Amino acid sequence: MTNIKILARVKPIFKNNSKSCLEVEENEISVNKIQKKCNGDHLVKYKYQFDQMFDDTSVNWDIYNSIYIDILKNMMKFKNNVTFYVYGETGSGKTHTLLGNSNEKGFLNLMLSDMLEINKNNIHVNVTEIYNNKCYDLINDNKHVYQRENGKNNFVLSSSTIIKIESKKDIIELHNKIINNRKVGISSENNASSRSHLLINIKFANKNLKILDLAGCEKAKNSICDSREKFKENGVIHQSLFVLKECIRSLVSNKPYVPFRRSELTKMLKHSFDNSCKTFILATLSQDESNCGTSVDVLNYISDIKNIKSIGKYNLLPPINSKVNVNEKVHVNVNENVNENVQGSPRFQLLYKNKHFLKNLQDKENKLLNEMIQKKSTDNLFDDYSKVQQKKLKLIRKFNGKLKPIEQNKHN
């Protein structure tokens with residue numbers, strides 16, 4: 001079981017005389033995009049695969065029903081924190097999925113109702129809005145609150161109001177406070193678009209469920225900025241989403257530094273990619289052909305997260321302060337190969353498999369070397385050690401030196 005599950009939902013078409021650019025088949029989605037070139041227009045088809053897809057006939061209950069058992073099981077049985085966040089373009093149905101409307105309940109209402117059935121004395125909620133890269137308490141009249149880092153490298157909200165949910169009336173009151181206090185504005189798609197990121201933190205069974213509704217992304221040329229305040233507002237939204245993408249790229253590239261501290265949003269999402277947290281990501285998509293480019297951007301972003309999923313699944317990142325067991329007997333098979341089913345582009349798959357194979361060779365080389373040092377002898381070990389070295393050098397030469405060995409951790 002991997003720590004990140006990715007879903008995608010397609011919004012119905014409401015515009016007259018509009019055509020769809022998306023095709024949904026089970027867990028695969030295709031985008032038909034018209035590329036304008038000097039010799040005419042060309043139709044380009046992009047294909048993506050995710051854990052689960054929901055077409056334009058799906059309702060909020062379908063999304064909730066697909067993951068709520070997994071969420072509760074992780075919190076109550078496996079004692080994991082859970083994060084569920086929704087990302088997509090402006091007007092694609094993110095807030096509707098989480099909060100619903102008068103005709104249809106949203107994810108928040110459905111989740112809290114089920115928690116009440118399990119244990120109505122153990123549900124506590126606080127709600128925070130990130131607007132212009134500042135945090136505000138929506139329960140306490142939009143009071144300014146701060147994220148502080150504690151000694152365990154966790155970011156916590158100071159002075160945030162926490163309320164207890166004991167009845168369905170409490171759920172309705174919470175829903176109304178969120179709707180009434182959250183910042184909304186005019187966007188290219190609707191007149192009541194969310195202009196802030198929303199965090200709903202639910203503490204249940206001594207674990208936290210973080211529900212995040214990210215502000216909608218839209219291309220700058222399509223945004224409506226008729227004042228300096230709206231121009232700044234739109235710029236801060238793009239900046240925070242850009243920092244989130246940079247964090248994703250850093251995790252995919254296995255960089256030693258991930259810039260989580262650059263925005264309030266990424267501070268909240270820092271532990272969403274840890275092994276101790278189960279993360280669900282829902283991408284909402286508009287199938288209108290006029291929004292085709294933005295839909296491709298959203299899908300590319302989600303595909304990057306799939307690469308993080310693969311890295312976490314096969315434990316590519318070396319453990320911190322890992323030590324070599326010199327007493328462990330080493331068996332070297334010169335014909336071994338890496339055959340994991342890695343998701344991603346062909347180039348990423350090839351790079352991952354060879355990098356993973358190189359790391360295994362380097363680990364075996366170090367174990368053999370340490371064993372020879374420990375025994376102060378090369379008897380029955382040097383031949384295996386030479387074979388491993390030859391395979392490692394051959395693999396590096398194959399990539400013309402571009403595939404560098406992984407640096408070893410330095411121990412005190």
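All of the points below concern the structure found in this document. Just so you know, the residues in each chain are numbered from 1, in the order the chain's sequence is written. Only residues with pLDDT of 70 or above have their local features reported here, since the model is predicted, and side-chain atom pairs are shown and tallied only from 80 upward, although totals for entire chains, interfaces and linings are computed over all residues. Only hydrogens and water are removed before side-chain values are computed, so all heavy atoms of the structure are retained for them.

1. Details of empty space enclosed by the protein
Okay, so step 1: Here the term cavity refers to a set of points on a 1 Å grid, laid over the protein atoms alone, in which a 1.4 Å probe fits but cannot get out; the term pocket refers to an open set having protein on both sides within 12 Å along at least five of seven lines, with lining residues being those that place an atom within 4 Å of a point. Grid points are joined across faces, edges and corners, and a volume is the space filled by probe spheres set on the points. Here the structure, examined in full by the defined rule, presents 2 cavities of 30 Å³ or more.
Okay, so step 2: As a volume, the second largest cavity reaches approximately 50 Å³.
Okay, so step 3: Around the second largest cavity, the lining residues are I130, Y131, N132, N133, R195, S196, H197, V236, I237 and S240.
Okay, so step 4: Put simply, DSSP marks the helices as runs of H or I at least four residues long and the strands as runs of E at least two long, and each gets a number from the N terminus on. Going through the elements one at a time, β7 (123-131) and α5 (228-252) are the ones with two or more residues in the lining of the second largest cavity.
Okay, so step 5: A total of 3 residues in the lining of the second largest cavity trace back to one element, the largest contributor, which is α5.
Okay, so step 6: Under the scheme applied, nonpolar residues are Ala, Val, Leu, Ile, Met, Phe, Trp, Tyr, Cys and Pro; charged residues are Asp, Glu, Lys and Arg; polar residues are all the others, including Gly. Each residue belonging to the lining of the second largest cavity can be placed in one class, and the counts come to 4 nonpolar, 5 polar and 1 charged.

2. Concerning the sheet that holds strand β2 (residues 22-25)
Okay, so step 1: At least two DSSP bridges between two strands are needed for those strands to be called paired. With respect to topology, 3 strands assemble into an open sheet ordered β2-β3-β4, the strand pairing being antiparallel. In this open sheet, the two edge strands, each paired with only one partner strand, are β2 and β4 (40-49). Between one strand axis and the next, the sheet turns through 20° on average, direction left out of account.
Okay, so step 2: Relative to strand β3 (residues 28-37), β2 runs antiparallel, the two sharing 4 bridges. Note on β3: the bridge partner recorded for V24 is I29. Axes, fitted as lines to C-alpha atoms, cover a helix only where it is in contact. Angles between the N-to-C directions of the axes lie from 0 to 180 degrees.

3. Focus: the packing of helix α1 (residues 60-76) against helix α3 (residues 107-118)
Okay, so step 1: Running from N to C, α1 and α3 cross one another at 45°; their axes reach a closest spacing of 10 Å. Considering the angle they form, α1 stands oblique to α3. As for the relative orientation of α1 and α3, their crossing is right-handed in sense. Between α1 and α3, the contacting residues are W61, Y64, I67, Y68, I71, L72, M75 and M76 on the first element and F107, L110, M111, D114, M115 and I118 on the second.
Okay, so step 2: Grouping the amino acids of the contact of α1 with α3 by side-chain chemistry returns 13 nonpolar, no polar and 1 charged. Working rule for angles: under 35 degrees goes down as roughly parallel, over 145 as roughly antiparallel, 65 to 115 as roughly perpendicular, anything else as oblique. Should the near helix be turned anticlockwise from the far one by less than a right angle, the crossing is termed left-handed; should it be turned clockwise, right-handed. Working rule for contacts: check all heavy atoms of both residues, and any pair within 4.5 Å makes them a contact.

4. Regarding the pattern of salt bridges
Once the charged atoms of two side chains with opposite charge are near each other, the side chains can pair.
Okay, so step 1: Here, a salt bridge means any Lys or Arg side-chain nitrogen found within 4 Å of an Asp or Glu carboxyl oxygen. Scanning the entire structure with this criterion turns up 9 salt bridges.
Okay, so step 2: Residue R195 pairs with E233 through a salt bridge whose shortest N-O separation is 3.1 Å. Taken together, the residues R195 in the loop between β13 (193-194) and β14 (197-204) and E233 in helix α5 connect sequence positions 38 residues apart. For the residue pair R195 and E233, the accessibility class agrees, reading buried in each case.
Okay, so step 3: Three or more residues joined by partner-sharing salt bridges are found here, namely E149, R261 and K270. Each residue is placed in one exposure class: buried if its accessible area under a 1.4 Å probe, protein chains only, is under 20% of its type's maximum, exposed if it is over 50%, and partly exposed if it falls in between.

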